[in-house]
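These are the residues of each chain, in order.
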Amino acid sequence: MTESFPRLHARTRRFTLGVPRNFTISPDGGRVTFLRTRSGTDPVTCLWELDVASGAERLVVDPLALGAADEDLPPEERARRERSRESAGGVVAYATDREVRQAVFALSGDLYLTDLASGESRRLPAAGPVIDPRLDPTGTRVAYVTGGALHVLELATGADTGADTALAEPEGDQVTYGLAEFIAAEEMERMRGYWWSPSGDRLLVSRVDESPVALWHIADPANPGRRPVSQRYPAAGTANAEVTLHVIGLDGARTAVPFEQEYLVTAAWDAHGLAIVTLSRDQRTMRLLSVDPGTGETTLLREDTDPAWVDIVTGVPARLSDGTLVWVADADGGHRLVVGDEPVTPPSLQVRAVLDVDGDTVLFSASGEPTEVHVWTYSAGTGTKGTISPVTTEPGVHSGRRAGGVTLVARQSLDTEGTTVTIGSVSIKSLAERPGLEPRVSLVRSGSRELSTAVLLPSWHVPGSGPLPVLMDPYGGPRAQRVLSARRMFLESQWWAEQGFAVVVADGRGTPGRGPAFEREMLHDFTIALQDQVDALQGVAALHPGDLDLSRVAIRGWSFGGYLAALAVLRRPDVFHAAVAGAPVTDWRLYDTCYTERYLGHPDEGHYERSSLLGDAEKDAEKLERPLLLIHGLADDNVVAAHTLRLSSALLAAGRPHTVLPLSGVTHMTPQEVVAENLLLLQLDFLKKSLNVS
């Protein structure tokens with residue numbers, strides 16, 4: 001390895017470059033289109049195609065060949081990439097017609113159409129910088145958003161194009177058509193705001209009015225001559241954007257689709273009709289509604305309720321070939337696949353997502369063991385409940401796609417590097433860099449709650465030869481896991497181990513994979529995450545006697561993990577002796593409505609003070625007696641820098657020393673190569689000095 005791990009880790013965007021992704025299988029199962037950069041250090045994403053029969057790969061679109069070497073993205077596209085955590089450039093998203101013969105995409109705000117058979121790409125005229133272009137299913141038109149307006153461009157034969165029509169134009173500066181609002185993209189995994197009808201004759205379009213949302217300003221203190229960036233941010237307890245739905249014909253005729261609940265979760269429009277999913281503000285009631293596109297009238301198909309919250313699951317609603325509903329719901333203590341009205345998976349198998357429906361076969365991902373994710377199929381039977389079958393059985397984390405009777409599987413594991421992608425006997429190459437680092441991971445159940453925990457020791461350490469300083473390296477928050485049977489999850493943790501630490505990564509209550517009851521224990525109290533980190537630490541120490549020095553324990557994390565790290569040294573200085581808190585949420589009233597209210601409820605309900613960090617600094621001057629490094633990107637529009645600055649001010653007022661590292665021009669993702677590299681090195685230096693590690 002010619003580069004240090006921190007440098008390579010940064011250059012490769014955490015070893016994600018060169019990994020194939022965003023797969024689309026043609027209806028006959030003969031071709032797969034996908035995205036991949038040309039190497040593990042190349043940040044420019046290209047569009048490729050695989051011939052399944054021969055296994056031959058073909059480069060279809062190279063952005064550099066189209067003259068798009070330097071990206072000039074419109075603000076809306078930058079926001080979309082931030083919400084989706086997209087760190088690469090080039091063709092980062094594409095859409096095809098039903099037959100997967102053509103693809104459209106945006107490059108530097110320009111609109112491109114590619115014939116997948118010939119590989120010929122051409123730039124199409126557009127009314128302005130293009131966001132989220134999508135072909136209609138028949139492949140004769142492309143819709144896109146520019147300037148908040150939804151346009152449809154007719155695709156004539158040959159090199160010509162037809163008329164470009166603005167079907168819906170914003171009535172004010174705070175109105176957009178066809179785009180997902182902040183909450184949908186950040187918290188509900190809905191990155192789109194319009195859906196074509198199967199025949200391509202009309203669209204379901206969301207209208208977003210952000211004028212009720214509070215106006216915040218993201219400043220750039222390092223460049224005082226620049227105007228602050230204005231942003232509508234729906235903080236907990238405040239107004240959300242107003243989202244309405246309309247069916248709009250190609251002639252501009254509009255039919256309203258009214259719905260009562262606060263959130264539009266998703267929509268689906270297929271041969272069996274149009275359906276939408278909505279969610280109440282308190283997230284305890286979810287409704288699936290069928291929609292009559294002609295009148296806009298809705299009919300309730302099902303309503304799911306939960307005293308804590310109803311989970312949003314990707315991939316549903318879906319339909320079998322005969323129109324039978326495919327859904328995921330909680331029943332008998334498990335997240336279960338529901339076909340029609342019947343759960344068809346056992347409660348012990350926690351369904352995570354519906355990946356595809358191919359005729360009467362449902363491809364879905366699920367966990368029995370929480371550290372593993374497997375791909376399964378449900379096949380409808382004749383007069384029976386059908387059968388479920390595992391597609392993958394080897395330990396690891398799997399995902400997949402299915403069409404035309406062909407199944408593609410992507411796998412990560414502890415025994416292989418990177419991601420392997422197979423479709424039948426054919427593989428799609430990964431061009432990711434080798435990290436030059438082999439994680440030595442032990443996956444255990446630790447503590448009284450038998451928490452999923454990973455333990456990593458230095459490669460040179462002989463068990464029992466002497467205690468090592470400890471680094472807790474969690475995320476710890478709901479809806480996300482760190483402890484998975486995948487090598488890439490632990491590359492950075494192993495690097496920390498090689499610096500002389502025993503690294504412990506623990507998934508506490510609230511994390512997925514162990515069922516609804518385990519996840520819902522976090523209701524109204526985020527501080528249980530700290531209890532679980534202490535429990536896991538003590539459990540690992542018992543499993544590794546003599547290897548952990550409990551008098552020198554540090555903790556680091558980002559986002560919720562940053563909150564957890566700061567919480568640890570504020571509330572349990574008897575256990576934690578130093579912390580690095582990156583982009584921490586310190587006052588949950590400053591975080592967004594959907595995420596925060598799901599777990600803590602409305603601020604008026606009185607559950608916020610217990611989980612706030614500001615009270616620890618303000619009420620008790622003795623609360624911080626351990627070294628704390630706060631890191632925050634000043635351009636962060638998700639967890640804004642005010643979180644760190646307010647905590648720092650409170651600590652200063654209490655006379656408690658701490659360190660703040662502001663990152664000029666850096667967002668929540670910290671994608672900049674030099675910043676990402678040096679952040680690791682600066683954290684290492686801080687923790688070594690704080691724990692007296694030589």
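J.: Got a minute to help me understand the overall build of the protein in this structure?
T.: Counting its regular elements, the protein contains 11 helices and 44 strands. Taken over C-alpha atoms, the radius of gyration comes to 25 Å for the protein, in line with the 26 Å a tight globule of 694 residues would show. Along the first, second and third principal axes, the C-alpha set of the protein runs to 70 × 55 × 55 Å. The burial tally for the protein puts 58% of its 694 residues in the buried class. In the protein, of all internal contacts separated by at least 6 residues, the share reaching a separation of at least 24 is 60%. For the protein, the accessible surface area stands at approximately 26,400 Å², while carbon and sulfur atoms represent 49% of it. Here the protein contributes 65 positively and 91 negatively charged side chains, and the mean placements of these two sets differ by 4 Å.

J.: Got a minute to help me understand the environment of His246 in this structure?
T.: Along the chain, His246 turns up in strand 19 (residues 242-249). Sequence spacing of His246 and Pro293 is 47 residues, and the spatial spacing of their C-alpha atoms is 9.0 Å. Dropping the residues within four chain positions of it, His246 is found in contact with Leu203, Leu204, Val205, Arg207, Arg254, Thr255, Ala256 and Val257.

J.: Teacher, can you tell me more about unusual backbone geometry here?
T.: Trans is the prevailing form of peptide bonds, just as negative phi is the prevailing case for residues other than glycine. In this chain, Val316 is followed by Pro317 through a cis amide linkage whose omega measures 10°. Note that Pro317 resides in the loop between strand 24 (298-305) and strand 25 (318-319). You will see that Glu189, though not glycine, has its phi angle at about 60°, which is positive. Glu189 sits in the exposed class, given a relative accessible area of 53%.

J.: Please clarify how the pairing of strand 29 (residues 350-358) should be interpreted in this entry.
T.: On a regular strand, one side chain projects to one face of the sheet and the next to the other, so that they alternate. Strand 29 sits mainly inside the fold: seven of its nine residues count as buried. Hairpin connection from strand 29 to strand 30 (residues 361-367): two residues lie between these consecutive antiparallel strands, with Gly359 at a positive phi of about 65°.

J.: What is the right way to look at the pattern of salt bridges in this model?
T.: Pairs can form between side chains of opposite charge whenever their charged atoms are close. All told, the structure shown has 46 salt bridges when counted by the stated rule. Between Arg141 and Glu154 there is a salt bridge, with the nearest N and O atoms lying 3.2 Å from each other. Here the residue Arg141 occupies a position in strand 11 (residues 141-146), and Glu154 occupies one in strand 12 (residues 149-154), the gap between them amounting to 13 residues. Given the relative accessible area of 29%, Glu154 is considered partly exposed. Beyond isolated ion pairs, a larger network of salt bridges with shared partners links Glu77, Arg80, Arg81, Asp132 and Arg134.

J.: Just to check I follow, could you spell out the packing of aromatic side chains for this structure?
T.: This structure, assessed with the given rule, holds 23 aromatic pairs. For the pair Tyr563 and Trp588, a centre-to-centre distance of 5.3 Å together with 80° between the ring planes defines the contact as edge-to-face. Within this pair, whereas Tyr563 is found in helix 7 (residues 560-571), its partner Trp588 is found in the loop between strand 42 (578-582) and helix 8 (593-600), the two being separated by 25 residues in sequence. Put simply, the rings of Trp309, Tyr475, Phe526, Phe560, Tyr563, Trp588, Tyr591, Tyr595 and Tyr599 pair up and form one aromatic cluster. Over the ring of Trp48 we find Arg36, and its NZ or CZ is 4.2 Å from the ring centre. The ring of Phe518 has Arg514 sitting right over it, with the charged end atom 4.3 Å from the ring centre.

J.: Can you walk me through the pairing of strand 7 (residues 102-107) in this structure?
T.: Most of strand 7 is tucked away, with six of its six residues classed as buried. Residues Gln102, Val104 and Ala106 line one face of strand 7 and the alternating positions Ala103, Phe105 and Leu107 line the opposite face, and both faces are buried. Strand direction decides the pairing type here: strand 6 (residues 95-96) and strand 7, joined by two bridges, are antiparallel. Residue pairing in the sheet places Thr96 in a bridge with Ala103 of strand 7. One ladder, built from six bridges, connects strand 7 with strand 8 (residues 110-115); its direction is antiparallel. Bridged to Gln102 within strand 8 is Asp115.

J.: Could you clarify how one ought to interpret helix 11 (residues 673-691) in this entry?
T.: An α-helical turn contains 3.6 residues, so any two residues separated by three or four positions project in the same direction. Over its 19 residues, helix 11 extends 28 Å from the first C-alpha to the last, a length consistent with the 27 Å expected when each residue adds 1.5 Å. Looking at helix 11, one finds that the buried residues are Ala676, Glu677, Leu679, Leu680, Gln683, Leu684, Phe686, Leu687 and Leu691. At the C-terminal side of helix 11, Asn692 shows a positive phi close to 55°.

J.: Mind showing me how you'd approach the sheet that holds strand 32 (residues 387-390) here?
T.: Sheet strands pair via backbone hydrogen bonds, and the direction of the pair is either parallel or antiparallel. The strand order 29-30-31-32 describes an open sheet built from four strands, whose pairing is antiparallel. Looking at strand neighbours, the two that pair on one side only are strand 29 and strand 32, the edges of this open sheet. If you compare each strand with its neighbour and ignore which way they point, the axes differ by 30° on average. Summarising the sheet, strand 30 and strand 31 (residues 374-379) pair through six bridges and their orientation is antiparallel. Of the residues in strand 31, the one forming a bridge with Val362 is Tyr378.

J.: Sorry, what's going on with the nonpolar core here?
T.: Across soluble globular proteins, nonpolar side chains show a tendency to be buried alongside one another. Residues Trp327, Leu337, Phe364, Phe526, Phe576 and Trp588 are the most contacted members of the largest nonpolar core, which totals 91 residues. In this view, Leu337 contacts Val326, Trp327, Val328, Glu342, Pro343, Val344, Thr345, Val351, Val354, Val362, Phe364 and Tyr378; residues no more than four positions away in its chain are not counted. Core analysis: the next-biggest nonpolar cluster, separate from the first, contains 30 residues, Ala554, Leu684, Leu691 and Val693 among them.

J.: Any chance you could explain the packing of helix 4 (residues 491-498) against helix 11 here in plain terms?
T.: Relative orientation and spacing of two packed helices are given, respectively, by the angle between their axes and the distance between those axes. Remark: helix 4 packs on helix 11, axes separated minimally by 12 Å, with the N-to-C direction vectors making an angle of 40°. For the element pair helix 4 / helix 11, the angle class is oblique. Regarding helix 4 and helix 11, the two cross each other, and that crossing is right-handed. Counting all contacts with helix 4, which are made through Glu492, Trp495 and Trp496, the residues of helix 11 involved are Leu680, Leu681, Gln683, Leu684 and Leu687. Residue composition of the contact of helix 4 with helix 11, by class: six nonpolar, one polar and one charged.

J.: For this particular structure, what's the right way to read helix 6 (residues 528-543)?
T.: With 16 residues, helix 6 ought to run about 22 Å at 1.5 Å a step, and its terminal C-alpha atoms sit 23 Å apart, in line with that. Those residues of helix 6 lying buried are Ile528, Ala529, Leu530, Asp532, Gln533, Val534, Asp535, Ala536, Leu537, Gly539, Val540 and Ala541. Contact partners of the buried residues in helix 6: strand 37 (441-446), strand 38 (451-456), strand 39 (468-472), strand 40 (502-507), strand 41 (548-558) and helix 7.

J.: It is not clear to me how the sheet that holds strand 28 (residues 342-343) should be interpreted in this structure. Could you clarify?
T.: In space, the four strands of this open sheet follow the order 25-26-27-28, with antiparallel pairing throughout. With partners counted over all chains shown, the strands left at the sheet margins are strand 25 and strand 28, one partner each. As paired elements, strand 26 (residues 325-331) and strand 27 (residues 334-339) share six bridges and run antiparallel to each other. Following the sheet pairing, Val326 is matched in strand 27 by Val339.

J.: It is not clear to me how the packing of helix 6 against helix 7 should be interpreted in this structure. Could you clarify?
T.: At their nearest, the axes of helix 6 and helix 7 sit 10 Å apart, and the two run at 75° to each other. By the angle between their directions, the pair helix 6 and helix 7 is classed as roughly perpendicular. Contacts between helix 6 and helix 7 pair Ala529, Leu530 and Gln533 from the former with Phe560, Leu564, Leu567, Ala568 and Arg571 from the latter. Grouping the constituent residues of the contact of helix 6 with helix 7 by class yields six nonpolar, one polar and one charged.

J.: Just to check I follow, could you spell out the environment of Ser4 for this structure?
T.: Its place among the elements puts Ser4 in the segment before helix 1 (5-11). By relative accessible area, which is 38% here, Ser4 ends up partly exposed. Along the backbone, Ser4 and Tyr591 are 587 residues apart, and their C-alpha atoms lie at a distance of 36 Å.

The rules behind the values
- Residues numbered from 1 in each chain as written.
- Predicted model: local features only at pLDDT ≥ 70, side-chain atom pairs only at ≥ 80, totals over all residues.
- Heavy atoms only, no water.
- Helix = DSSP H or I, 4+ residues; strand = E, 2+ residues; numbered from the N terminus.
- Rg over C-alpha atoms; globule rule 2.2 N^0.38 Å.
- Buried < 20%, exposed > 50% of the residue type's maximum accessible area, 1.4 Å probe, protein only.
- Contact = heavy atoms within 4.5 Å.
- Areas by Shrake-Rupley, 256 points an atom, 1.4 Å probe, with all protein chains shown as cover.
- Lys, Arg positive; Asp, Glu negative; His and termini not counted.
- Charge placed at Lys NZ, Arg CZ, Asp CG, Glu CD.
- Pairing = 2+ DSSP bridges.
- Salt bridge = Lys/Arg side-chain N within 4 Å of Asp/Glu carboxyl O.
- Phe/Tyr/Trp six-rings, centres within 6.5 Å; stacked < 30°, edge-to-face > 60°.
- Lys NZ or Arg CZ within 6 Å of the ring centre and 35° of its normal.
- Expected span 1.5 Å × (residues − 1).
- Axes fitted to C-alpha atoms, helices over the stretch in contact; angles between N-to-C directions.
- Core = buried A, V, L, I, M, F, W, Y, C linked by side-chain atoms within 4.5 Å.
- Parallel < 35°, antiparallel > 145°, perpendicular 65-115°, else oblique.
- Left-handed = near helix turned anticlockwise from the far one by under 90°.
- Nonpolar A, V, L, I, M, F, W, Y, C, P; charged D, E, K, R; others polar.

Read these as spatial facts, not as claims about activity.
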